[in-house]
Amino acid sequence: MRPGRKPETPSTKEARGTLKPYRDSGKVEICVPGDPPVMPDYLTAGAIDVWQEVLPRVMAAGVSEVDSAMLARYCSTEAIVRETFRADGAPPPAAYLTMLRQYEELLRIAGPKSRVGGGGGDGAKPANRFARNGSRNRA
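Cut-offs applied
- Residues numbered from 1 in each chain as written.
- Predicted model: local features only at pLDDT ≥ 70, side-chain atom pairs only at ≥ 80, totals over all residues.
- Heavy atoms only, no water.
- Helix = DSSP H or I, 4+ residues; strand = E, 2+ residues; numbered from the N terminus.
- Core = buried A, V, L, I, M, F, W, Y, C linked by side-chain atoms within 4.5 Å.
- Buried < 20%, exposed > 50% of the residue type's maximum accessible area, 1.4 Å probe, protein only.
- Contact = heavy atoms within 4.5 Å.
- Polar contact = N/O pair within 3.5 Å; in protein donor to acceptor, adjacent residues only side chain to side chain.
- Axes fitted to C-alpha atoms, helices over the stretch in contact; angles between N-to-C directions.
- Left-handed = near helix turned anticlockwise from the far one by under 90°.
- Nonpolar A, V, L, I, M, F, W, Y, C, P; charged D, E, K, R; others polar.

(A) Region of the structure containing the environment of D49. When you line up the elements, D49 lands in helix 3 (residues 45-61). It is 9.9 Å that separates the C-alpha atoms of D49 and S76, two residues lying 27 residues apart in sequence.

(B) A look at the nonpolar core. The biggest cluster of nonpolar side chains holds 18 residues, and the ones touching the most others in it are V58, L71, Y74, C75 and L107. Elements with a minimum of two residues in this core: helix 3, helix 4 (68-88) and helix 5 (94-106). By residue number, the principal contributor to this core is helix 4, which donates 7 residues. For Y74, the contacting residues outside a window of four places in its chain are V50, V54, R57, L100, Y103, E104, L107 and I109.

(C) The side chain of D24, seen in detail. Tracing the backbone through its elements, the reader meets D24 in helix 2 (residues 21-24). Among the residues examined, D24 registers a relative accessible area of 6% and is labelled buried. A polar contact is formed between the side chain of D24 and the side chain of K13, at a distance of 3.2 Å. Once residues within four sequence positions are removed from consideration, D24 is found in contact with K13 and L19.

(D) How the structure looks around the packing of helix 4 against helix 5. With their axes 10 Å apart at the nearest point, helix 4 and helix 5 run at an angle of 145 degrees to one another. Handedness of the crossing formed by helix 4 with helix 5: left-handed. Contacts between helix 4 and helix 5 involve M70, R73, Y74, T77, E78, I80 and V81 from the former and Y96, L97, M99, L100, Y103, E104 and L106 from the latter. Residue composition of the contact of helix 4 with helix 5, by class: 10 nonpolar, 1 polar and 3 charged.

If you want it as structure tokens, here you go:
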């Protein structure tokens, strides 16, 4: 692999309007679409409702077919927790809530820290990364 800036894909250049056929004609771009998770047949009615509700969010977060079993476990656990809250209003055992939080983090639907490549915060970089360099005010 040669050092330096990596070439951009032909589709990126075409979207930007800078594609040159005489220069980029020999390049091949391999695109592998992400398959959506497959719903297993053992889910209960409540878990199916959770699956339908959460599927757009997990697809936007990048979950694919290989994560189907984990998503099914999350949906089943979430259905149990919801049913426990509806039944007597008492909170479910803490272990269920901890498991749900862990599944949400793994599926990247828990909150801002779990999204966008596992980073935290709002994702914004400081405007000037050298602003703290140099002399400081001395009071």
